[in-house]
Each structure stands twice: as structure tokens, then as C-alpha cells.
Amino acid sequence: MSITIWSNEVSVAQSKQEPVYDYSVFSLNPKDFYSQLDYKISGLKDVKTAVDASDYKKAGIALHKYFLTNKELVQKIFKIQAIRQSKSKQPAAELLLNRTYAFQGVTYTFKDGIDWLYNPTGKDGLDLNPEWVVNTVRFRGLPFLAKAYRETGDERYAIELVYLMRDFIAKFPVPLNEKQAGNNIPSEFDRLMYSKLSVSSRLQNTVYSLFSVLESSNLKSEDFVIILQGVYNHLLRMEKYPYLNYHNMGVADAYVLQQVALAFPEFKRSGDWASWALKRGLDQMEHVVYPDGVEKELCPRYHQGVMSEFAKFMEVSRFAGNKTPVEFIDKLKSMARFLADFSRPNGSIPAFNEMVQNSDEGEKIRQRVRNIANVTNDNEILRWFGSNGTQGAKPGYSSVAFKWSGYYVMRSGWAKNDNYMAIKAGPYGLAHQQEDKLSFELFANGEPFLIDPGFYIYNKASVWRKYYRSSLAHNTVVPNGLSQLREGQRSLYENKKPNDALWLSNDEYDFLSAIYNNGYSNFNYIGEQKTEELQQIKHQRDVLFVKPGVWLMIDWMQAEKPEKHLYEALFQSEYPVTVSGKNLIIKGKNSNLFILPVEAEGKTVEASIAIGQAEPVRRGWIYKVDKKKNQPISTGVISQKAAGSTGQAYFIIPGKGYEISSYKIKMFHVEGGIGGELTSPEGILLRFIAQQYPGKTISASGLKTSARMKFTVSNEKTIEIN
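The sections below set out a description of the structure shown in this document. (Residues numbered from 1 in each chain as written. Predicted model: local features only at pLDDT ≥ 70, side-chain atom pairs only at ≥ 80, totals over all residues. Heavy atoms only, no water.)

### Things to note about helix α14 (residues 300-319)
Stated precisely, the cut-off is as follows: Secondary structure elements follow DSSP: runs of H or I no shorter than four residues count as helices, runs of E no shorter than two count as strands, and numbering proceeds from the N terminus. What a helix is expected to span follows from its residue count: subtract one and scale by 1.5 Å.
End to end, α14 covers 29 Å across 20 residues, agreeing with the expected 28 Å (1.5 Å per residue, within 8%). Among the residues trailing α14, G321 stands out with phi positive, at a value near 90 degrees.

### Thoughts on the pattern of salt bridges
Our working rule: Salt bridges are identified by distance alone: a Lys or Arg side-chain nitrogen within 4 Å of an Asp or Glu carboxyl oxygen. Each residue is assigned to one of three classes by its accessible area relative to the maximum for its type, calculated with a 1.4 Å probe on protein chains only: buried under 20%, partly exposed between the two thresholds, exposed over 50%.
The tally for this structure, following the rule as stated, stands at 32 salt bridges. K547 is the salt-bridge partner of D510, the closest N and O atoms lying 3.2 Å from each other. Taken together, the residues D510 in strand β13 (residues 509-516) and K547 in the loop between β15 (537-546) and β16 (550-559) connect sequence positions 37 residues apart. Its relative accessible area of 0% is what places D510 among the buried residues.

### What about the pairing of strand β31 (residues 709-713)?
As a reminder of what qualifies: Paired strands, as defined in this entry, are two strands with at least two bridges between them according to DSSP.
Of all 5 residues in β31, 4 are buried, a share of seventy percent or more. By the bridge criterion, 5 bridges tie strand β28 (residues 683-690) to β31 in an arrangement that is antiparallel. From the neighbouring strand, R687 faces β31, where its bridge partner is T712. For β31 and strand β32 (residues 717-721), the ladder comprises 5 bridges, and the chain directions are antiparallel.

### As for the environment of A690
How we decide: Contacts are residue-level and defined by heavy atoms, with any inter-residue pair within 4.5 Å sufficient.
Checked against the element boundaries, A690 lands in strand β28. Once the C-alpha coordinates of A690 and G675 are considered, the two residues, 15 residues apart in sequence, prove to be 6.1 Å apart. Residues within four places of A690 in sequence aside, it is in contact with I554, W556, V670, G673, I674, I698, R708 and M709.

### Quick look at empty space enclosed by the protein
The condition is simple: Cavity and pocket criteria rest on a 1 Å grid covering protein atoms alone: a 1.4 Å probe that fits but cannot get out defines a cavity, protein on both sides within 12 Å along at least 5 of 7 lines defines an open pocket, and an atom within 4 Å of a point defines a lining residue. Grid points are joined across faces, edges and corners, and a volume is the space filled by probe spheres set on the points. For this classification, Asp, Glu, Lys and Arg are treated as charged, while Ala, Val, Leu, Ile, Met, Phe, Trp, Tyr, Cys and Pro are nonpolar and the rest, including Gly, are polar.
For the coordinates displayed, the defined rule picks out 2 cavities of 30 Å³ or more. Of the voids in this model, the largest cavity is the one considered here, and its volume is about 80 Å³. The wall of the largest cavity is formed by F139, M165, F168, I169, R202, L203, T206, I227, G230, V231 and H234. Broken down by secondary-structure element, the contributors of at least two residues to the lining of the largest cavity are α8 (155-171), α10 (196-212) and α11 (221-240). Classifying every residue of the lining of the largest cavity gives 7 nonpolar, 3 polar and 1 charged. Together, L278, L282, F313, M314, S317, K323, T324, P325 and F328 line the second largest cavity. Secondary structure elements with two or more residues in the lining of the second largest cavity: α13 (270-288) and α14.

See the structure below:
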């Protein structure tokens, strides 16, 4: 979009405001602001008369009166409810009245006004969380106060809202330049307070809050005009410094610009802004979402946020009379379908990347999918999942592959007690990445046996953030205590074609074979500029799921250097893990999970457990946001030392009603491969032989193949996988 005018540059040091820092800003002159109103709108006649007479106080009173009379459009677009006189309690708003703010587990109460850039973390034993400041500078608390005011009519909430909005814009008027140089301005000003995402977030929350207290006697005309001019200057900054990259922030930027522009036809530039925002939103959908419906950051948490932003974008666009392209609607539905297909048996979502492990039983996920079903008129799978199975149509499939993003789901069915595994085997992702390719989560009998510890606060320098992003905190193989390290290898961030993995699925079994071959290093290099050479070790993970309830996992390792390497397969659980011989037992609340290793010929594996370990390697932790601390969890380890190429396999069995002693493992001698037999109380469950690549003929115990794998189930049917 071409930019034709800018408000006059002034120094805030010369303005009548009381700014904290000295920098150039978009004009604070009321003459400039009033010149950007569209006086073709008849209701602004009194405003224009006052402006023509240079009586800006009178113009402000007239403008305030105009919006009191013409508030419906803004309040409808921002979904501001009518004022009630409810006596209902508003605990969140009451805390904010006390100026008590909480973010990612850290709570702080401001005294004598708000210090907008104050960060209470990094002191008193708390790890530094640079992102804490966004809680205040993006006005995240204001909607709670605004909703409380509309619900109760309690003027205390209106008084606080007016104070917050005026205080911020007086102290930190909108900067004209993208970056502020010198003048003792801290880096947080540009990086957090006036980042592109903070500008759009604060703008949206300001408009919502301002028009929530519009009718309040505690919002004076002077307040209204100063805050509204701040809104306009935020719009100018969004125009001058748009977020045009394909990213969740680009989606948010386009949506907020469209929403605010459509809400204020009184601004001359609103028509251009709305048209530009519409084009940008449609373009974002085309580029940030894979054909399989997964947002390219590959973080389920941010996927949900982007999906919701697109849904709101479509609603506002429709409100303006714009027709939504079919391709946009189809992709929006595919984003919601991903959540349904990817969901655990309880409806929640695996905690891959920046996702927090939680126990909300998936209701928030269902609500978001239900909203997409509503806005797209989908009455089949989305309606079924969103209603928890009470409406719509149940999927006619169980397992599913997302062949662009590289997520794979193996499940025995859609009931809460069905067996489930989600595997992460795709590209690195465009943002919020972790070094966890080939990691997985496993649910069985309604219990979360193997989990991804997931999230840690956004402190790039913290060894804990590096740890939680590393392979050491995931269910994959760690060679020599090292982590995968794809960071900085830009070609690995996004797939330009379907994911390079082998996937087979039918009613009897699922099979996945995927590879990590991009180098390993010390996890302390994560988030840093890499200086030492990566160790080149190839990891191939083959996973067979014999439905309804036996997994066979094989890890093939190939090192570039000939010396012996230590290979450790990790199994992270919040449940207790114990060792029985070379086996692992994960004790759930109502059932168990057994991990039974199969050794290759001439190889020896060992089983061990780490709980809250710091040395010799960090292992066995999860960060609990609500408790603001790392807590020990159990990490089971199946390890071996080997030179050259090697493999190790595991039968993974949800056990309900049996002890581990009920299962017997027999190893097969397979030259150039691996093989074994699993026997249960009902007899032989599974026999197999396998090799890393098809082509060579291998044999053992009556099985012979040149395929990748050959297996029999209950001695009834023999299946080959190439």
C-alpha cells in the first residue's frame, strides 16, 4: 500500500504531554487529527464547525457526542455487550483494580501507578522472563475490566480503564521511527512495547475498552479525544510498519487493521486500510497454512491462535459485505480438522513445540473447533468433534497422516479409552521450534503415559529454555548426550513438497518410517550462534502399530565416525517409571504401559531411569507454569553403546489386567537386521524381522523377506512392508 501523508513530526519533549523518553512521534496536534476525519459524514457537522473555528475543546465535545449517538457500529464489530447491572463477582477485574498483574505464573502488584516496562522476573529466585512485560504493554488486562464494567455498570472499572489508556498514551506516545536510537531508551521499548504485534494487540484492546466505557460519566470528552487520537496514531504506525512476513503476527496485523478500519469509517483512510487488510489476510492464509491444514510454525498452540484469527477475519469481512473465497473457507475448515484429527482421546492436543501440558480435557479445543463449524456451516466432523460426539458425523477413519507438516497419528478408535500415538516427523517449523524430530506422545486406556514436557518461559539465555527445546526433553534418541540442532539451517524450516517419510495405514496396522539426518551438538548451543562442527549421526525411526494395541518401534542409528557411540532412547512420563530387567514399566492410575526392548544380534541394551537429574546430563524435568518452577518427572532410558550402524527395537504394550511378567520376548538372529517375538497370555502376539532398507534378503525363525519388514500377527497373517 502506498503511503501518501504522515502526521507532522514533533519531539515529545516539546509537547504538552508528560512522556518518559524523548523521541519523534506521530503528531499530537489536534489540528492534524481533526484534518483526517471524513466530514462528508453528516453527523460530523458540529465537529467540523468547531474545527473551522479552531475551537478544539468544543470539537472534542462534539466528537464525543457524535460517537455516543453513533456507537453501534464499533460495539457490534467488537462484540461489546449492553451494560447490565449484575451483582456478579468479577475476581479477575478486582485484581486488576488492585493493579495486580499475572503472566506465566508470576504475579506482581504495582504501587503508585503503572510502571509499564517494569519486569518483576529475574529477581528473588525467579528466572528472567523478558516477555512478562507484554502482559502490560499489550493491554491484556483491559478487556477484563471492560467486560466487568459492561456486566455490572460499576464505575470503578471505568475509572481504572480511563486512567490506564490515558496514562500509557501520555507517557509513551506513538513513535514515528521504527527504532528509537539513544536517549537512554531501553531495548524493551522497541522490542516489546512498540513491536508490531504489541501495536496491533494494544490497538484492538484500546478500541474495545474505550467503547466499553463510552457511556460512562467518568470518560470525559478530553479523555475520549486523546485516547482516540492514540488509536489513530497506532493505525498510522501499522500502515508505515506493516507486518508483511508470513507468520502468526502477520495474520493478527491484517485482522486488527481490518477490524478497526471497518469500525471507523469516520477516518478518511479507513476504506484504503480495510481493502489493504483484506488482501493481506487472504494472502496470509495462502502462505502460512500447508495444504494439509497445519499452520507452518508447527506449534499446535499457535495453530489455534492463527485459526481463530482467520475465523474472526472472515466474520468481520462478511460483516463488511465481502465475499469470502471458497479456498479460504476450505483451508479454515482444514485447520479445524487438523485439531480434531490430531487430538488425544480426551480431546486435548499433544504439547509439541510451545504447547503447555494441561488437563483441560480438551474443552477449549472443542470450543474453538465448534466455532469454526459455526462460521463455515460444517455439520459433519467439525460439528461432531466440537460437540464431543453429540452432533455431526464421526470420522470414518482412525489414523491419519498430515503429509506436508509431518505429523502422524496412530489410533485404535475415537473412544476415550482407545490407544493413541502422535509422532512429530516433519520440518523444523517457521517459529517456536524445538529440536524434537521423531519424538512422540502416547495415550492408552484414557491415560497420558508418554508426554512432551513442552513449554518453558521465553528467556533465550536460560539453560532451562535450551534444555526444554532440546532433544534431551523429548521422546527421541539422544546420541552421546547431544541434541538435534536444525536451528539456523533455513532449508529445513518449511516443506516445499510433501514430507519425506513412508506412511502406510489400513484397518489392521499403521506404519511410519522417518529420518533425522541434520546433525547433533551440545544443547547449550540452542539459541546461540553455532561455532563447533555438528556430529553427523543418522537416526531412522520405524513405527508399526498393530491395531488395536501393540506398537513395535525400531531405531536405526548410523554414525559418520567409526568409534563407539552411546545411544539413549528416552521415554518421558509424569507417571512413575520403574525398571524390570531390561524393561520399563510406566505405572498409570488404572493401567500400565510396558516397554520391552528387542536387541539386535551382538548388541546389548540397558534400561535405567532419571528423575530430576542435573548431572552428568540434564534429564527428567517438566516446567509447571502455575507453580513457576521446574518439577522432576520420570524419564525411562533404553541405551546401548555401539560402533558403526546399529539398531534397537521395543514392543510398547498398554497393559490392563496383566503384569509385565505375562509377556515374553524372544530375540531372533537376523544378519544385517533385527527380529523377535512377543508372546502374551493369549499366545504369540507378534513376530517380525526387519532391516533398515529394503533390498537385501534376511531371514529368521521361518520368516524370510527382502522387504523392509515382515511380520505375523497371532500366527494368522503374514504382512510385508517395503
